[in-house]
Amino acid sequence: MANILVTGGAGFIGSHTCVELLDAGHDVIVFDNLCNSSVESLQRVEQLTQKNIIFIEGDIRKQQQLDEVFQQHQIDAVIHFAGLKAVGESQKIPLAYFDNNVAGSTTLFKAMEKAQVFTLVFSSSATVYGDTHPSPLKETMPTGMPNNNYGYTKLIVEQMLEKLAEADARWSIALLRYFNPVGAHESGEIGEDPQGIPNNLMPYVTQVAIGKREKLSIFGHDYDTVDGTGVRDYIHVVDLADAHLCALNNRLKDTGCRAWNIGTGNGFSVLQIRNTFQDINQVDVPFEYSARREGDVATCFADNQRALDELGWQPKRGLKEMLKDSWNWQKKNPQGYRST
Ligand code: NAD
Ligand code: UFG
């Protein structure tokens, strides 16, 4: 069993990954500045797992804080979630994105090198493929030109890590390219807790269903897809969390830098999501069609064969579980973590 430093571990994907790590017997140290999360998520992870987490409030842009973490704790590997993720915001305040996501990552990698910790799992995104390749997207396709600054930060960090592993054979790095993470832990104790108006489809749908928002705007219905609305590869956050454990096991045995797509390989349209959500959960989600959102592609889904073959990972939860668990979390926590 290993000691794992989880940056951004209080967030949506990080908190679910902490559950899986603790359940698998690992020790977890979370380093998070709480700019988009609260410690309540970690308290709930501790209740769910009946295990303790070491929590350090800190910022990945602060070299000294990170150096202290590595000096004070024996760390075997790092899972790096910390960063900003709002695509629209990244167009308005690009420097904040380059600072947190790129400079913050460089600072973390320097601290790792200093402490001789070379095993890393990095949260990347399907956005690194750009919008020119047809789906299914494969890791053998060249990365493209992301159409927003957030996407650029992911691409830059991926490229930096590839160069790092080329220059120093001690590094062992997994680039996990997530597709669309949704759902929540089946207990409904932890889930996605967006601040303000949600940018992403699933939290918007659940907030309409609970009556917090009037109706869903479906961005475009003239795409070349099954019903004209955008198609994406939704992946249950617990399956995504599990992929981090599989990647960690793979990386603890091997060196180099390698990318894996983490999606189910199935695409669903916005309308299919809204309709299935209503059917499964027996709740209304009123909607209207509105204009296409700038930067959106018609269709994006994964070829996940490499992850299946090499990581021994398999997504176990289908669309119904994703929609049921998202709704369960929203119902149990109408105000997110703020309701407690
Ligand atoms: P999240 O915002 O819930 O979690 C990110 C966490 O990082 C938060 O707890 C936040 O407080 C922390 N953080 C941000 N900047 C920090 C800094 N400078 N120092 C320390 N902590 C900092 O987001 P998430 O959905 O859990 O995403 C986790 C990672 O996965 C991110 O890197 C994100 O870009 C990536 N990703 C997410 C999606 C998605 O749709 N959710 C898709 C692809 C990739
Ligand atoms: N959509 C709506 N209405 C909404 C929100 C979204 O119709 O209110 C549609 C979008 O147009 C798209 C689909 O729902 O067709 C999914 O949109 P999301 O915003 O949930 O997700 P994206 O596919 O745009 O983006 C996600 C992550 C990014 C990541 C990208 C590629 O949010 O971080 O996948 O991996 F970069």
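One structure accompanies this document, and this report is about it.

Parameters at a glance
- Residues numbered from 1 in each chain as written.
- Chains lettered and ligands numbered in written order.
- Predicted model: local features only at pLDDT ≥ 70, side-chain atom pairs only at ≥ 80, totals over all residues.
- Heavy atoms only, no water.
- Near = heavy atom within 4 Å.
- Polar contact = N/O pair within 3.5 Å; in protein donor to acceptor, adjacent residues only side chain to side chain.
- Areas by Shrake-Rupley, 256 points an atom, 1.4 Å probe, with all protein chains shown as cover.
- Helix = DSSP H or I, 4+ residues; strand = E, 2+ residues; numbered from the N terminus.
- Nonpolar A, V, L, I, M, F, W, Y, C, P; charged D, E, K, R; others polar.
- Phe/Tyr/Trp six-rings, centres within 6.5 Å; stacked < 30°, edge-to-face > 60°.
- Buried < 20%, exposed > 50% of the residue type's maximum accessible area, 1.4 Å probe, protein only.
- Lys NZ or Arg CZ within 6 Å of the ring centre and 35° of its normal.
- Pairing = 2+ DSSP bridges.
- Axes fitted to C-alpha atoms, helices over the stretch in contact; angles between N-to-C directions.
- Parallel < 35°, antiparallel > 145°, perpendicular 65-115°, else oblique.
- Left-handed = near helix turned anticlockwise from the far one by under 90°.
- Contact = heavy atoms within 4.5 Å.
- Salt bridge = Lys/Arg side-chain N within 4 Å of Asp/Glu carboxyl O.

With that out of the way, let us pick up the site of ligand 1. Taken together, the neighbourhood of ligand 1 is formed by 27 residues, with Asp-32, Asn-36, Ser-37, Asn-100 and Tyr-150 sitting nearest. Residue Tyr-150 places a side-chain N or O atom 2.7 Å away from an oxygen atom belonging to ligand 1. For ligand 1, whose accessible area on its own is 820 Å², the fraction buried by protein is 95%. Elements that contribute at least two residues to the shell around ligand 1 include exactly helix H1 (12-23), strand S5 (119-125) and helix H6 (149-167). Looking at the shell around ligand 1 residue by residue, the class counts come to eleven nonpolar, eleven polar and five charged.

The next subject is the packing of aromatic side chains. Two numbers describe a pair of aromatic rings. These are the distance of the centres and the angle of the planes. Applying the stated criterion across every chain, the model contains four aromatic pairs. Ring geometry for Phe-277 against Trp-327: centres 5.8 Å apart, planes inclined by 70 degrees, an arrangement best described as edge-to-face. Pair noted here: Phe-277 is in helix H9 (residues 270-281) and Trp-327 is in helix H11 (residues 319-332), with a separation of 50 residues, a long-range link. An identical accessibility class is assigned to Phe-277 and Trp-327; each is buried. Here the basic side chain of Arg-292 rests over the ring of Tyr-223, its NZ or CZ set 4.0 Å away from the ring centre.

This part is about the pairing of strand S6 (residues 172-178). In terms of burial, S6 is a largely internal element, seven of the seven residues being buried. Both faces of S6 are covered, namely the face carrying Ser-172, Ala-174, Leu-176 and Tyr-178 and the face carrying Ile-173, Leu-175 and Arg-177. Direction of pairing for S5 relative to S6: parallel, over a ladder of seven bridges. Paired with Leu-120 across the bridge in S6 is Ile-173.

Right, let's get into the packing of H9 against H11. Remark: H9 packs on H11, axes separated minimally by 9 Å, with the N-to-C direction vectors making an angle of 70 degrees. By the angle class used here, H9 and H11 are roughly perpendicular. When the axes of H9 and H11 are compared, the crossing they make is right-handed. Residues Ile-273, Thr-276, Phe-277, Ile-280 and Asn-281 of H9 form the contact with H11, whose own contacting residues are Leu-319, Lys-320, Leu-323, Lys-324 and Trp-327. Within the contact of H9 with H11, the residues separate by chemical class into six nonpolar, two polar and two charged.

Let us now look at the site of ligand 2. Taken together, 20 residues surround ligand 2, and among them Asn-200, Ser-217, Arg-232, Arg-293 and Asp-296 come closest. In the environment of ligand 2, an oxygen atom lies 2.9 Å from a nitrogen or oxygen atom belonging to the side chain of Asn-180. The side chain of Arg-293 places a nitrogen or oxygen atom 2.8 Å from an oxygen atom of ligand 2. Out of a free accessible area of 680 Å², ligand 2 has 89% covered by protein chains. Of all the elements, strand S8 (residues 216-219) adds the most residues to the shell around ligand 2, at four residues. Of the residues in the shell around ligand 2, the class split is ten nonpolar, seven polar and three charged.

What follows concerns the pattern of salt bridges. Working definition: two side chains of opposite charge can pair if their charged atoms are close together. A complete count under the given rule lists 20 salt bridges for this structure. Close ionic contact of Asp-59 with Arg-61 constitutes a salt bridge, the shortest N to O distance being 2.7 Å. In this structure Asp-59 comes out as buried when scored by relative accessible area, which is 11%. Note on Arg-61: relative accessible area 33%, which makes it partly exposed. With a shortest N-O distance of 2.9 Å, Arg-61 and Asp-99 are connected by a salt bridge. Within this pair, whereas Arg-61 is found in the loop between strand S3 (54-57) and helix H3 (63-72), its partner Asp-99 is found in helix H5 (residues 94-114), the two being separated by 38 residues in sequence. Judged by its relative accessible area of 33%, Asp-99 is partly exposed. What you see here is one network of salt bridges that share partners, running through Asp-59, Arg-61 and Asp-99.

On to the side chain of Asp-32. Summarising the element assignment, Asp-32 is placed in strand S2 (residues 27-32). The residues contacting Asp-32, other than those within four sequence positions of it, are Gly-8, Gly-9, Ala-10, Gly-11, Ser-37, Phe-55, Ile-56, Glu-57 and Gly-58.

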